[in-house]
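Single-letter residue listing:
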Amino acid sequence: MNFYSLHKKAPNVSFKEAVIRGLAPDKGLYFPESITPLSTEFISNISNYSNEEIAFQVIQQFVGNEIPEEILKDIIKETLCFDFPLVDIENDIKTMELFHGPTMAFKDVGARFMARCLGYFNQNSGEDVTVLVATSGDTGGAVASGFLGVKNVNVVILYPSKKVSNVQEKQLTTLGQNIKALEVNGTFDDCQSMVKNAFLDESLLSKMQLTSANSINIARWLPQMFYFFFAYKQLVDKKKKLVFSVPSGNYGNICAGMLAKKLGLPIHQFIAATNANDIIPQYLTTEAYHPKPSVQTISNAMDVGDPSNFIRIQQLYDNKFTALKKDLYSYSYTDYQTREAMLYLYKNCNYIADPHGAVGYLGVKTYQEKNPNTQCIFLETAHPVKFLDVVEPVINDSIKYPPQIQAVIDKKKEAFSVENYEQLKSFLLKN
């Protein structure tokens, strides 16, 4: 399997090179040359397969022979060492909990898979690779945990000061070893812009090998397909129209779901549930894509004003707006509505949702007003303990720290402050 740049001004590359590069030389995102649907027999009998077997079937064509089969299976086994339960919420509404991994966020899967792939590719290399990543919350912790101690790989994480939760900050600033955290006086968009500038800086790239662990990297993005297959496997009723509501920021997760549909998973439609950062709801209304500065909300992981992966979504639909609009609905919600949804879920469904999951639930409720005969699953992307300052005042109850959080919450934060790209570049060259 080869991958091409969506800017179409760079050579096609192997899976290995796409993972190591992150971005193509023309700064485009990599995309698979072909997408071969899985057999209908496999889909029909999916309940008979383990999660590891499903993941191998899903990812194998994209990895090709770049990683030996047995090693790829070991990578998958190490990646999927936790549960992905489907939980009943209301009639025809379920949630899939993606927070049972080491950092209690859905990004654990992609980060662990990518770290192990990169570790395999770089195991005999005499040169270090620096993973440079911007985070609006959970990506940083997942990447830090996934790459901790990986040989010949250094990790530099940029995060916006005072715009991530205390738990999120501790998860990316307390590990040490090959993990460095940079605290940026600005927004996530500022962090992401600095990262993009680094990948455009030939004077920097001539001195070091950079790659990205955001969902722009195919090894971070592709494994997110697994969730949708795991959810479908657990459904008792597989005949009713299936709709996924995905809390969406950089749109890697929902893009992976759309790729899963291309592989043959019978998903009827998708809902991109967003907060005040409503670029995609506006796009689906006007057909005009207008990035804008991000707005800070209580669902901070979705505070993205120019989602990187939307270009991949457009490519999946051959850049045909009508075809995309048929499959994708998108709604935007305020912080007030998000808090109301969290309170409703707690009081009426005995369920504690984090702010992102609550936005996903709201997407389902809006969608079902006009589409009642559907089976909807919203993704619960992070454990509510990661947003205690938001969740506990809403539900008027306390949440105990799970073991994963207890392990880091009392550790000392260590972060370097940077104000602009030149300071970032200086840090990279010195470290």
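For clarity, every value in this text was computed on a predicted model and none was experimentally measured.

Undergrad: Help me get a handle on the overall build of the protein, residues and values and all.
TA: In terms of regular secondary structure, the protein is built from 20 helices and 14 strands. On C-alpha atoms alone, the protein measures out to a radius of gyration of 20 Å, which is about the 22 Å that the 2.2 N^0.38 rule sets for 431 residues. Overall size of the protein, expressed as C-alpha extent along the three principal axes, is 55 × 50 × 45 Å. Per-residue burial over the protein gives 60% buried out of 431 residues. Counting contacts in the protein only where the partners sit at least 6 residues apart, residues at least 24 apart contribute 76% of the total. Accessible area of the protein: about 17,100 Å², with a carbon and sulfur share of 46%. Taken as two groups, the 42 positive and 45 negative side-chain charges of the protein have centres that lie 2 Å from each other.

Undergrad: An account of empty space enclosed by the protein is requested, with residue identities and associated values reported.
TA: Evaluated as defined, the whole model comprises 1 cavity of 30 Å³ or more. If you go around the largest cavity, you meet 26 residues; those closest to its centre are Phe106, Lys107, Gly249, Asn250 and Ala301. Where the lining of the largest cavity is concerned, the elements lending two or more residues are helix H6 (138-147), strand S10 (242-247) and helix H12 (252-262). When residues of the lining of the largest cavity are assigned to their parent elements, the largest contribution, 3 residues, is made by H12. Taken together, the residues of the lining of the largest cavity sort by class into 10 nonpolar, 13 polar and 3 charged.

Undergrad: Would you mind going over the sheet that holds strand S4 (residues 86-90) in detail, with residue names and values included?
TA: Pairing is mixed in the open sheet, where 6 strands are placed in the order S4-S5-S13-S10-S11-S12. The two strands at the open ends of the sheet, each matched to only one other strand, are S4 and strand S12 (328-332). Between one strand and the next, the sheet's axes are offset by a mean angle of 25°, whatever the strand orientation. With 4 bridges connecting them, S10 and strand S13 (residues 375-380) associate as parallel partners. Note on S13: the bridge partner recorded for Phe244 is Ile377. Seen against the sheet, helix H13 (residues 279-286) touches strand S11 (269-274) and S12 and runs at an angle of roughly 125° to S12.

Undergrad: Can you tell me about the packing of helix H5 (residues 107-121) against H6, naming the residues and giving the values?
TA: Between H5 and H6, whose axes approach to 8 Å, the crossing angle comes to 35°. Once H5 is placed against H6, the crossing between them reads as right-handed. Across from Lys107, Asp108, Ala111, Arg112, Met114, Ala115, Arg116 and Leu118 in H5, the residues of H6 making contact are Asp138, Thr139, Ala142, Val143, Gly146 and Phe147. For the contact of H5 with H6, the residue count by class is 7 nonpolar, 2 polar and 5 charged.

Undergrad: Which residues make up the pattern of salt bridges, and what values do they have?
TA: Opposite charge on two side chains makes pairing possible when the charged atoms of those side chains draw close. If you walk through the whole model with that rule in mind, you get 11 salt bridges. The partner of Lys73 in a salt bridge is Glu69, with the nearest N and O atoms 3.3 Å apart. Of the two residues, Lys73 and Glu69 are both situated in helix H4 (residues 69-79); the distance of 4 residues between them amounts to about one turn of the helix. Judged by relative accessible area, which is 33%, Lys73 ranks as partly exposed. Ionic pairing is found between Asp327 and Lys261, a salt bridge with its closest N-O pair at 3.0 Å. Linking Asp327 in helix H15 (residues 321-327) with Lys261 in helix H12, this pair joins segments that are 66 residues apart in sequence. Residue classification places Asp327 among the buried residues on the basis of a relative accessible area of 10%. Under the relative-accessibility criterion, Lys261 is labelled partly exposed at 24%. Several salt bridges share partner residues, and in doing so they unite Glu169, Glu183 and Lys413 into one network.

Undergrad: Which residues make up the layout of surface pockets, and what values do they have?
TA: Estimates place the volume of the largest pocket at around 410 Å³. Forming the walls of the largest pocket are 21 residues, and the residues nearest its centre are Lys27, Leu29, Lys196, Ile216 and Ser308. Taken together, the elements giving at least two residues each to the lining of the largest pocket come down to helix H8 (188-200) and helix H14 (310-316). Residue composition of the lining of the largest pocket, grouped by class: 12 nonpolar, 6 polar and 3 charged. Each pocket or cavity is described by its volume, and for the second largest pocket that value is around 170 Å³.

Undergrad: Can you explain the packing of H4 against H5? Please cite residues and give values.
TA: The packing of two helices is summarised by the inter-axis angle and the distance between the axes. Here H4 crosses H5 at 145°, and the two axes come no closer than 9 Å. Read as a crossing pair, H4 and H5 show a hand that is right-handed. Where H4 abuts H5, its residues Ile71, Leu72, Ile75, Ile76, Glu78 and Thr79 lie against Val109, Arg112, Phe113, Arg116, Cys117 and Tyr120. The residue makeup of the contact of H4 with H5, split by class, is 8 nonpolar, 1 polar and 3 charged.

Undergrad: Residue-level account of the side chain of Thr174, with values.
TA: Structurally, Thr174 is set in the loop between helix H7 (166-173) and strand S8 (179-184). Residue classification places Thr174 among the buried residues on the basis of a relative accessible area of 11%. A polar contact of 2.6 Å, which involves the side chain of Thr174, links it to the backbone oxygen of Lys170. Excluding residues within four positions of it along the chain, Thr174 makes contact with Val408, Lys411, Lys412 and Lys413.

Basis of the calculations
Residues numbered from 1 in each chain as written. Predicted model: local features only at pLDDT ≥ 70, side-chain atom pairs only at ≥ 80, totals over all residues. Heavy atoms only, no water. Helix = DSSP H or I, 4+ residues; strand = E, 2+ residues; numbered from the N terminus. Rg over C-alpha atoms; globule rule 2.2 N^0.38 Å. Buried < 20%, exposed > 50% of the residue type's maximum accessible area, 1.4 Å probe, protein only. Contact = heavy atoms within 4.5 Å. Areas by Shrake-Rupley, 256 points an atom, 1.4 Å probe, with all protein chains shown as cover. Lys, Arg positive; Asp, Glu negative; His and termini not counted. Charge placed at Lys NZ, Arg CZ, Asp CG, Glu CD. 1 Å grid on protein atoms, 1.4 Å probe; cavity = no way out; pocket = protein on both sides within 12 Å on 5 of 7 lines; lining within 4 Å. Points joined across faces, edges and corners; volume = space filled by probe spheres on them. Nonpolar A, V, L, I, M, F, W, Y, C, P; charged D, E, K, R; others polar. Pairing = 2+ DSSP bridges. Axes fitted to C-alpha atoms, helices over the stretch in contact; angles between N-to-C directions. Left-handed = near helix turned anticlockwise from the far one by under 90°. Salt bridge = Lys/Arg side-chain N within 4 Å of Asp/Glu carboxyl O. Polar contact = N/O pair within 3.5 Å; in protein donor to acceptor, adjacent residues only side chain to side chain.

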